Amino acid sequence: MAKAAAVQFSCSECGYSTGKWLGRCPSCGGWSTLVEERLAAASPAAGAGSARPLLRLVEIEATDAERIPTGVLELDRVLGGGLVPASLVLVSGDPGIGKSTLLLMALAAMSNERKTLLVTGEESAAQVKLRAERLGGAADVHILAETNLDDVCATLEQERPEVAVIDSVQTLYAPELGSAPGSVAQVREAAARLLRVAKEHDVAVFLVGHVTKDGSVAGPRVLEHLVDCVLHFEGDRYREHRVLRAVKNRFGSTNELGVFEMTAAGLVGVADPSEVFGRAHEDQPGSAVVCALEGTRPLLLEIQALVSPSDLAMPRRVGTGVDPKRLSMIVAVLGRHAGVALGSADVFVNVAGGVRIDEPGAGLGIALAIATAARNACLKPSLACFGEVGLTGRLRPASQGERRLAECAKLGFSGAIVPDGTELHGKIRLTAAETLRQAIVGGLDARGSPAG
């Protein structure tokens, strides 16, 4: 009688394993995250490997590998200057956001000089060809429609392409595992084996990953730990602009940001995002232009705010594109230190264009947008701002102020409200403020501005 395969329960969030089902994961604390999976039978020679000689770090010769240009400038920027050979990159995002389109465009550009391979498990080869023709053609890209992990790894080892795309990792399955494709065990096994193939055969691999309802990468968190780089697509699928961020990057900065525009011919990189997101209508209450810094790129963004009387016992604080906790803090500072009473009003804040900002230097722009909306006033014409808002009501200078001011001057802004101590810039007039109250007084347009 054949021996039944061992069964264990693994957490879909952190990968914790146990022999029995639990309602709550002891490792990460998630509820109902343990799922059943069957273990593969151990081979007789398991654990009989020979020991390898140890080396000291001083004895290892390390050379800087030349990065592979992907042909998509915005993708190269987020990767840190190009694709590192033998690296494993995970690309995640909502369905229909443009992951497959972006990687197909990159493969088409790289196939002119390098051997590339596209492994598709969600679409047929004919469907991929139709998309490639719509994007302008990808005649030199090799394609494999396969979901068997053994066949995929064997093809990579035999063909040895320089760059490969796996679309998607949740569709791969190992026959020796009894669980369905996309389960915790299958995703973990697929990522581990593809990582080994990439490192041993110098194949740079892109993995396309699904996301859950809350926007995180589907599958165990060990998937994010295994890969070298995690890229995440943001933006509304019903809008034309997309934002690509690096959540993890072992070979570059995680602060870089790439901006794309979805067109009929595919994704097109936006060379100057400030020209797109920083357009604001003057003489409009509740609007402020802030200069945020994303990695090495300064971005001018329009912050929109709406303040309306609330009938609720606890007024709402709703932020789109900003951290809700930071929004609540700025509202409290406005009421306590700037004389802008918001205790009985709903406050809504939105970053125009669907961009998300987490930088502290955008706090002053959020505060000024809320203050102008509450007082039904407007900021002075052609005025930008940036600065960090403290809990005491004082303003702290933001990093790289000179680069921010240069970006403001390039787009035609004649003045800027900045914290006291910001470096001067000859092409733009500065209104320095030590506290948030002074910034509001200095920024409001005196024409038709009611007393607060």
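Just above, that's the structure.
On a predicted model such as this, the values are computed, not experimentally measured, just so you know.

## Examining the overall build of the protein chain
Right, on to step 1. Looking only at helices and strands, the protein chain has eleven helices and 21 strands in total.
Right, on to step 2. Looking at the protein chain as a whole, 47% of its 452 residues are labelled buried.
Right, on to step 3. A total of about 22,000 Å² of accessible surface is found on the protein chain, and carbon and sulfur atoms cover 52% of it.

## Observations concerning the sheet that holds strand β1 (residues 7–11)
Right, on to step 1. Here three strands make up an open sheet; going across it, the order is β2-β1-β3 and the pairing antiparallel. The strands lining the two open edges of the sheet, one partner per strand, are β2 (17–18) and β3 (34–38).
Right, on to step 2. Here five bridges tie β1 to β3, and the two strands are oriented antiparallel to one another. Opposite V7, over in β3, you have R38 as the bridge partner.

## Points about the packing of helix α2 (residues 99–110) against helix α3 (residues 125–134)
Right, on to step 1. Contact pair α2 / α3: the axes reach a minimum separation of 11 Å and the direction vectors enclose 70°. The pairing of α2 with α3 is recorded here as roughly perpendicular in orientation. Residues S100, T101 and L104 of α2 form the contact with α3, whose own contacting residues are V128, R131 and A132.
Right, on to step 2. Looking at side-chain class alone, the contact of α2 with α3 contains three nonpolar, two polar and one charged residues.

## Structural notes on the nonpolar core
Right, on to step 1. Counting residues in hydrophobic clusters, the biggest one holds 61 residues, and the most contacted among them are L301, L334, V349, I370, L436 and I440.
Right, on to step 2. It is helix α9 (residues 363–375) that provides the largest number of residues to this core, a total of eight residues.
Right, on to step 3. Setting aside residues up to four positions removed in sequence, L301 forms contacts with F277, G278, A288, V289, V290, A292, V351, V355 and I357.
Right, on to step 4. In this structure, V78, L104, A108 and V128 belong to the second largest nonpolar core, which totals 34 residues.

## Structural notes on the pattern of salt bridges
If charged atoms from side chains of opposite charge come close, those side chains can pair.
Right, on to step 1. Applying the stated rule across the entire model yields 19 salt bridges.
Right, on to step 2. Between R297 and E74 there is a salt bridge; the shortest N-O distance is 3.2 Å. One end of the pair, R297, is in strand β14 (residues 297–309); the other, E74, is in helix α1 (residues 73–79), with 223 residues separating them in the sequence. Side by side, R297 and E74 carry an identical accessibility label, which is buried.
Right, on to step 3. One salt bridge in this structure joins K199 and D228, with 2.8 Å as the shortest N-O distance. Placement of K199 in helix α5 (residues 184–201) and of D228 in the loop between α6 (222–226) and β9 (229–234) is noted, with a sequence separation of 29 residues between them.
Right, on to step 4. Assessed through its relative accessible area of 3%, D228 is described here as buried.
Right, on to step 5. Connected through salt bridges with shared partners, the residues E234, R245, E294, R356 and D358 form a single ionic network.

## Points about helix α4 (residues 149–159)
Right, on to step 1. Looking only at α4, the buried set comprises L149, V152, C153 and L156. Axial view of α4: buried residues confined to an arc of 95°, hence all on one face.
Right, on to step 2. Contacts made by the buried residues of α4 are with β5 (116–120), β7 (163–167) and α5.
Right, on to step 3. Between a side-chain oxygen at the N-terminus of α4 and the backbone nitrogen of D150 the separation is 2.9 Å; the capping residue is N148.
Right, on to step 4. Remark: R160 follows α4 within two positions and exhibits a positive phi of approximately 50°.

## Some words on a nonpolar patch on the surface
Right, on to step 1. Taken together, the side chains of L55, L57 and I60 define a hydrophobic patch exposed on the protein surface, amounting to about 370 Å² of accessible area.
Right, on to step 2. Of note, L55 is situated in the loop between β3 and α1.
Right, on to step 3. Judged by relative accessible area, which is 60%, L55 ranks as exposed.

The rules we used
Residues numbered from 1 in each chain as written. Predicted model: local features only at pLDDT ≥ 70, side-chain atom pairs only at ≥ 80, totals over all residues. Heavy atoms only, no water. Helix = DSSP H or I, 4+ residues; strand = E, 2+ residues; numbered from the N terminus. Buried < 20%, exposed > 50% of the residue type's maximum accessible area, 1.4 Å probe, protein only. Areas by Shrake-Rupley, 256 points an atom, 1.4 Å probe, with all protein chains shown as cover. Pairing = 2+ DSSP bridges. Axes fitted to C-alpha atoms, helices over the stretch in contact; angles between N-to-C directions. Parallel < 35°, antiparallel > 145°, perpendicular 65-115°, else oblique. Contact = heavy atoms within 4.5 Å. Nonpolar A, V, L, I, M, F, W, Y, C, P; charged D, E, K, R; others polar. Core = buried A, V, L, I, M, F, W, Y, C linked by side-chain atoms within 4.5 Å. Salt bridge = Lys/Arg side-chain N within 4 Å of Asp/Glu carboxyl O. Arc of directions from axis to C-beta. Polar contact = N/O pair within 3.5 Å; in protein donor to acceptor, adjacent residues only side chain to side chain. Patch = residues over 30% accessible without salt bridge, like charges linked within 9 Å, V, L, I, M, F, W, Y side chains within 5 Å.

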